Amino acid sequence: TVSVLYWRMNVAIAMHLAVAAAGFAAVSTATPCPQAATAGWAGVRPTHHEGAPTALPYTLVMRSVDVPAVTCFVIDETNRGENKRDSGTWRQLQFGGNALGPTHDAYDDHVRDPPLGIGCGPERWNKGHLMADRYFKRDEDKANTYFMANMVPQRSNCNGGWWSHKVEADIQKYAEDPRYEGHMVFVGTEGEVENRNIIVGSSIPTEYDAAVNGVKHVKWMWAAVCKQGKGGFMMAAGNPNEPKCGDQYLSLGNFPLPKELHGVFGNLEEYCGTVEKWASWEKRKKQKKPSSRSEDKARRDIDVGATVTRAKKKVASAQKARLRGRDIELGKEAGTPRTSRSADLKATTRNKRKLID
């Protein structure tokens, strides 16, 4: 284990030196995270890819040449707009003379039926984006998310289910809200499953011959949104090898933080501050300013209401008049007007009191 770690450290250092020697400018249509934000993750940090005019629109740190460790971008105006999902062309990321991520052919072999692969093909397994295309609105930024270095094998009902409809959808809402400009989005992996394959019908990784293909699985995919100025963060995680992502972790939710993610959590705490409940930040409420048309309608409604009120008063007055007229008519039919009968009754009452006294 020590020798493997030592070899990886040397590879990482060599790649860092290659980046420094190349002197590529960090030009991008979107905003990658500053290196300080991902300093807790040691590894290969590509900032440019060959054959394209611009840099990646996000920070990418590779755990090794095959497995991504963390990706990150800063929310800005390039993340707002009609951010629709795309269907790009998957290819390797060429960097410093090295090809990062597995080849497309190796991945296809990996998901073939046994004994060549783990079986079921794309019906069970997807190329699971870390940095999703839906987070960006520009075509060139979307295209630059379809690198094999920006994916891990992910169960199809995890990738197309909870991870897409909950985790990525919530992140997209924040990325499109201008109030969160300057905040950061992290997506990463943890718990690399080295030289392992997965038996068809089982979600438990088991040993296999690494020479068959070199596509590796990870135990966890995680995502976080981090407020600038250490204002707090929220975190989500799922197991890409399990149906529906296994235990669906959301910060301060129903499941405890998996032990493999304690280091990730510590890095986020150090850079972002205190953890908060997932998707608990206030959503922007659009307050519509009444248009001149709606104001005119409101005035008309008031005028109509006043007219209705006046009409009701007239009807009530007419009804009262009819009732008075009816009473008078009834009094005449009895031989004495109603008003006269009332006066006679009062007089009779007074006379009775006098006789009693």
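Relevant structure appears above.
Worth saying up front: this structure is predicted, and the values here are computed from it rather than measured. (Residues numbered from 1 in each chain as written. Predicted model: local features only at pLDDT ≥ 70, side-chain atom pairs only at ≥ 80, totals over all residues. Heavy atoms only, no water.)

Taken as a whole and assessed by the stated rule, the structure comprises 11 aromatic pairs. Ring centres of Trp90 and Tyr146 lie 5.1 Å apart, and the angle between their planes is 70°; on these two criteria the pair is classed as edge-to-face. Highlighted residues: Trp90 in the loop between β3 (68–74) and β4 (93–95) and Tyr146 in the loop between α3 (139–143) and β7 (151–155), separated in sequence by 56 residues. Each of the two residues, Trp90 as well as Tyr146, counts as buried. Ring geometry for Phe233 versus Phe265: centroids 5.5 Å apart, planes at 65°, classification edge-to-face. Placement of the pair is Phe233 in strand β12 (residues 233–238) and Phe265 in helix α5 (residues 262–272), with a sequence separation of 32 residues. (Phe/Tyr/Trp six-rings, centres within 6.5 Å; stacked < 30°, edge-to-face > 60°. Helix = DSSP H or I, 4+ residues; strand = E, 2+ residues; numbered from the N terminus. Buried < 20%, exposed > 50% of the residue type's maximum accessible area, 1.4 Å probe, protein only.)

Turning our attention to α5. Buried within α5 we find Val264, Phe265, Leu268 and Cys272. One side of α5 holds all its buried residues, which, seen down the axis, span an arc of 100°. Where the residues of α5 are buried, they touch β8 (184–193), β11 (217–226), β12 and β13 (249–250). Of the residues flanking the end of α5, it is Gly273, one or two places downstream, whose phi is positive at about 105°. (Arc of directions from axis to C-beta. Contact = heavy atoms within 4.5 Å.)

Among the 10 residues that make up β11, nine are buried, leaving the element largely enclosed by the rest of the structure. Of the pairings in the sheet, the one linking β8 to β11 comprises nine bridges and is antiparallel in character. Counted as the bridge partner of Thr189 is Met221 from β11. One ladder, built from six bridges, connects β11 with β12; its direction is antiparallel. (Pairing = 2+ DSSP bridges.)

Here the structure, examined in full by the defined rule, presents three disulfides. In this model Cys226 forms its disulfide with Cys272; the gap between the sulfur atoms is 2.2 Å. Between Cys226 and Cys272, the disulfide has an S-S torsion of -115° and is therefore left-handed. Note that Cys226 is positioned in strand β11 and Cys272 in helix α5, a separation of 46 residues in sequence. (Disulfide = S-S within 2.5 Å.)

Quick look at the pairing of β3 now. In regular strands, side chains alternate between the two faces of the sheet. Counting buried positions along β3 gives seven out of seven residues, so the element sits mostly inside the fold. Where strand β1 (residues 31–32) and β3 come together, two bridges link them in antiparallel fashion. Considered in β3, the bridge of Pro32 is made with Phe73. Looking at chain direction, strand β2 (residues 59–62) and β3 are connected through four bridges and run antiparallel. Within β3, the position partnered with Val61 by the bridge is Val70.

Tracing the chain through its elements places Ala37 in the loop between β1 and β2. Put simply, Ala37 and Cys226 are 189 residues apart on the chain and 10.0 Å apart in space, counted from C-alpha to C-alpha. Sequence-distant contacts of Ala37, that is, excluding residues within four places in its chain, are made with Met184, Phe186 and Tyr271.

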